[in-house]
Amino acid sequence: MSEIPAKATESEDPSDGARNTAGGSAERTPPADTMWQSSPPGSIYDYIKAASFSIGPDGLVDQWSLRAEQLFGIPAERALGMDPIEAFIDPDLRERGQRKMAEILDGREWTGIVPFRFPDRPYGTRGPRTGGTHRPDRTRQGLRGLAEVYVMPTRTAEGDRGAVCIVVDVHTLRSIETDLAASQAIFGQSPFGFLLIDTDLRIRRANKRFASLFGGTPDDHRGKGVHDYLPRAEGERVTAILRRVLRTGESITDMSVTGFVPGSDERRHWSVNLYRVHSGSGKPIGIAWLATDVTARRAAAREAAAARRNLALLNEAGARIGNSLDLETTARELLDVVVPGFCDLATVDLYQGLLTGDETPHGLADGSAELRRVAYASAVAGAPFAATGEPVEVGSVHHYPFHSRCAHALRTARPQLVPGEEGGLVQHTLAVPMVAHDTVVGLAQFARTKGSEPFGQRDRDLAVELAARAAVCIDNARLYRREHERALILQRSLLPPGDPEASGLDIACRYRPGNAATGRPSEVGGDWFDVIGLPGHRTALVVGDVMGRGLRAAVAMGELRTAVRTLAQLDLEPAEVLSHLDEIARGLGAPGGVQQATRAARRPREADLSEVYLATCIYAVYDSVNRRCTFANAGHLPPVLVAPGARARTLDVPPGMPLGVGGEPFEEVTVELPEGSLLALYTDGLVESRDHPLDDGLQAFVGALTDSDRPLEDVCDHVLNTLGSHHGEDDIALLMARVQGLPAASVGDWILPREPRSVGRARELARGKLLSWDLEPLVDTTELLVSELVTNALRYGEGEIRLRLLLDRTLVCEVWDAGLVQPRRRRARDTDEGGRGLQLVGLLSAAWGSRRTPHGKTVWFELPLPDGDTPLADPAEALLNLF
């Protein structure tokens, strides 16, 4: 409160005395603690700065308050005894002021607006003066002002008249009026909820916006607290924050408050700003509450967050699902994405026929076909998935009842929401069919536990998209598995069944398709090997590798292998075989075949690399009589030879260009193989991988062939285990042969002169050799056929004649001469005297043919050895069949 000089007494005005009488009654007197307490926070006097002073009977200042010192800038020791009219009133208004002073000293009250100026020199000659050290505020000297003055007459103890003057600066009042108007406009017209909360955390004032949300008028909300508007837990949280703001003065920005408005069950969200409010003296008087309804913004933010989450899940699904071409792995990848980011529990069921390699069972489209649970994931430890019935273990085969929602989802290819069981863990389950290319391949189930957010339409759309992506990957894996199995069947069907047999060789082989050791599906390659029996107890050993993978590589491998066997039957030299294979390989990638590829090779062209077939191949022909092996290589790895008692070494065979390149001839190398030696042919998958360079692999392979005396099967296993071939990155083909040449006793070799009697001599030599071999049942047939071949050599051949008999698993007879004309079998007419010799050879022998040699030709036939099971051809019957 403003200070009032203690010297002032009651007025003589009758009305004033009446007010004093009424104010002194017991009914109107406030309690003592209220009467004598300090001004409440926010008192008007903190803002208007009211000042007071008293005037004695002589019209001079006799009391000067502290507020007067602050307003006029004049200390009390200077103001006492000063004439206020002379000190503060302009000279042209002093006369009027003296009249008013006289009226006041006569006992009249007066109120009015008085212009004044701040004094610029000491005034007053009466009254006590002090020589204090206070210096006047010279910055205000000579300035003018306007004051509202309220003068009340008083009477001194001696009965003299005086007056008390209450002075307020008008400029301060006008400023307060302006501030109040602006404050009222801001508070009343604000589009935000505006509250003024007092120090007791009660609403002192609310604006219309707040009242429009919570009902009533602004005055209806006075005295209420936050608990009247917010739930209990939220109210306690907000109350604690309000106390902290009131205590510390720290402002709060964008505080989230959640509650409800009357008449609505919708949860509303507000963004609240809080700051402490102070009085003019700086004393805290409460808290300002400014709230903005952000419910729509929060909903939009949730929508955006959900969209971002869904997009992130889809991106993660695109990155993680489908990295493997395995059905079960793809299903597990789907669950790794959705748990726990999308749901708490999830399973994947696939049609049983899909997993066994059959097509999806169209005949059981009612949803009751057998399914196998291939994957399960849970974010709740130890929680079984029993959202749609009894728990099903992973790997178990089951089916859904016809009227169940899961069966309905499989039938209609539309997702179904399955409510959880009463008292169970699961709140809802979303059963989503996995559809790929308009075909349902299985069912994915996503479950959320109780307390989680229920599935919405956006969740359903996301689940359908995730299931569809996984279904496409699973269907691709199914198609790949089918193609892989077919290609593998094709590839295996083109390889020699079991361990092949060869004359003068002990054979062992291994074939391991890519990823067979790791158990992961992979595209088959074009690796192949073959063992081909040739006339004269010779053997062709072939190992090749078509570059590329998949069904195309397997088909190309089959075509090349068939071509190799065909060319081998022509008994061509190894280099010639590879030259023909090179043309065939180029023809595989040309629409017109070999001839078109040959023509195209003569002119520049831009080849389509996807249609170019390249292959490496090594072709070797082994002669068991002299143990010589002739090699020709088309870009393949060199063979390895292990002689008895010696270290393994690679044979120096010129590599040549791969098949399909063309333009370069192939070279031959002939090597005599020691008896009991070991020969190894292989593909690059055995010696090369990502972790082992080719050179290191070759050295390891050579080092693994240390003990050549072991059984060949054990040697093959030892090599595969030693080289760590379980990486499964590429196909592996390994062909090993131990040399076992024909003994000299099993060979009969004679040179016959070119004369007619050599025919009889040949029959005698053949009979004697067969009798020594204890092959008497074959004597007659052999004599007859030998005479036919020798006779042909005499009539149509050139040079000396060579007769050779070879005994191994079969009996082979060869007749050599220097003529280049190959015998041709023809059908003789009934009137022809000749032309039936080769027909007779074909009837009596198991096989016959001719081949070119470096110095002429060789005509041969082969007879099976008598074993008691296979009847021998009767020569007499054969002769009768000719006619």
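Worth saying up front: this structure is predicted, and the values here are computed from it rather than measured. (Residues numbered from 1 in each chain as written. Predicted model: local features only at pLDDT ≥ 70, side-chain atom pairs only at ≥ 80, totals over all residues. Heavy atoms only, no water.)

### Focus on unusual backbone geometry
- V339 connects to P340 through a cis peptide bond whose omega is 0 degrees.
- On the secondary structure map, P340 appears in the loop between α12 (327–338) and β11 (345–351).
- One non-glycine residue, D438, lies in the positive phi region at around 65 degrees.
- By the secondary structure assignment, D438 is in the loop between β15 (426–436) and β16 (439–449).
- Even without a glycine there, the phi angle at D571 is positive, about 55 degrees. (Helix = DSSP H or I, 4+ residues; strand = E, 2+ residues; numbered from the N terminus.)

### A closer look at the confidence of the model for the protein chain
- Residues at a pLDDT of 70 or more form 82% of the protein chain, whose mean pLDDT is 80.
- This stretch, residues 1–39, has a pLDDT under 50; its non-local contacts, to residues over four places away or in other chains, come to 34 contacts.
- Contacts for the low-pLDDT stretch residues 121–139, under 50 throughout, to residues beyond four places or in other chains number 21 contacts. (pLDDT = per-residue confidence, 0-100. Contact = heavy atoms within 4.5 Å.)

### Looking at the nonpolar core
- Residues W528, L541, L581, Y619, F631 and L735 are the most contacted members of the largest nonpolar core, which totals 55 residues.
- Top element by residues in this core is helix α16 (residues 551–569). It accounts for eight residues.
- Counting 50 residues, the second largest nonpolar core, distinct from the first, contains V339, A346, A409 and A470. (Core = buried A, V, L, I, M, F, W, Y, C linked by side-chain atoms within 4.5 Å. Buried < 20%, exposed > 50% of the residue type's maximum accessible area, 1.4 Å probe, protein only.)

### Quick look at the packing of aromatic side chains
- With the rule as written, the count across this model stands at twelve aromatic pairs.
- Geometrically, the ring pair formed by F72 and F88 is tilted, given 4.7 Å between the ring centres and 45 degrees between the ring planes. Pair noted here: F72 is in helix α4 (residues 66–72) and F88 is in helix α6 (residues 84–88), with a separation of 16 residues, a long-range link.
- Here F88 falls in the buried class, since its relative accessible area comes to 6%.
- Ring centres 4.7 Å apart and planes at 65 degrees place the aromatic pair Y682 and F701 in the edge-to-face group. Here Y682, found in strand β25 (residues 678–682), pairs with F701, found in helix α19 (residues 694–704); they are 19 residues apart in sequence, far enough to count as distant. In terms of burial, Y682 and F701 fall into one category: buried. (Phe/Tyr/Trp six-rings, centres within 6.5 Å; stacked < 30°, edge-to-face > 60°.)

### Some details on the pattern of salt bridges
- As enumerated under the stated definition, the model contains 31 salt bridges in all.
- Two residues, R627 and E672, come together in a salt bridge whose shortest N-O distance is 4.0 Å. Of this pair, R627 sits in the loop between β20 (615–623) and β21 (628–634) while E672 sits in strand β24 (residues 668–672), and the two are 45 residues apart along the sequence. (Salt bridge = Lys/Arg side-chain N within 4 Å of Asp/Glu carboxyl O.)

### What about α12?
- Here α12 contains twelve residues, and its C-alpha end-to-end distance of 17 Å stays within 8% of the 16 Å for a straight helix at 1.5 Å per residue.
- The backbone nitrogen of E328 has a side-chain oxygen 3.3 Å away, supplied by the residue at the start of α12, namely D326. (Expected span 1.5 Å × (residues − 1). Polar contact = N/O pair within 3.5 Å; in protein donor to acceptor, adjacent residues only side chain to side chain.)

### A few points about the sheet that holds strand β7 (residues 203–206)
- The sheet built from five strands is open, its strands ordered β7-β6-β10-β9-β8 with antiparallel pairing. The open sheet has two edge strands with one neighbour each: β7 and β8 (252–259). Shown here is a sheet whose adjacent strand axes are inclined to one another by a mean of 30 degrees, direction ignored.
- Across the sheet, helix α10 (residues 232–248) touches β6 (193–197), β8, β9 (268–278) and β10 (284–293), and the angle it forms with β8 is around 160 degrees.
- Strands in contact with helix α11 (residues 295–320) are β8, β9 and β10; relative to β9, the strand with the most contacts, it is inclined by about 125 degrees. (Pairing = 2+ DSSP bridges. Axes fitted to C-alpha atoms, helices over the stretch in contact; angles between N-to-C directions.)

### Observations concerning the packing of helix α21 (residues 757–772) against helix α22 (residues 779–796)
- At a minimum axis distance of 9 Å, the contact between α21 and α22 shows a crossing angle of 145 degrees. Note on packing geometry: the crossing formed by α21 with α22 is right-handed. Here α21 contributes S758, V759, A762, R763, A766, R767, L770 and L771 to the contact with α22, which in turn contributes V779, D780, T782, E783, V786, S787, V790, T791 and L794.
- Of the residues in the contact of α21 with α22, the class split is nine nonpolar, four polar and four charged. (Left-handed = near helix turned anticlockwise from the far one by under 90°. Nonpolar A, V, L, I, M, F, W, Y, C, P; charged D, E, K, R; others polar.)

### With respect to the pairing of β25
- For β25, the buried fraction is high: five of the five residues fall into the buried class.
- Side-chain alternation along β25 places L678, A680 and Y682 on one buried face and L679 and L681 on a second face that is also buried.
- One ladder, built from three bridges, connects strand β22 (residues 640–642) with β25; its direction is antiparallel. The residue bridging V640 from the neighbouring strand is A680, located in β25.

### Some remarks on the environment of I241
- Along the chain, I241 turns up in helix α10.
- Of the residues examined, I241 reaches a relative accessible area of 12% and is grouped as buried.
- Remark: the alpha-carbon pair of I241 and M255, spanning 14 residues in sequence, is separated by 9.6 Å.

### Regarding the sheet that holds strand β31 (residues 856–864)
- Taken together, five strands build an open sheet; the order of strands is β27-β28-β29-β31-β30 and the sheet is antiparallel. Only two strands of the sheet have a single neighbouring strand rather than two, namely β27 (747–752) and β30 (847–853). Averaged over all adjacent pairs, the angle separating strand axes in this sheet is 15 degrees, with direction ignored.
- Pairing of strand β28 (residues 801–807) with strand β29 (residues 810–817), which is carried by six bridges, proceeds in the antiparallel orientation. Note that in β29 the partner of L803 across the bridge is V815.

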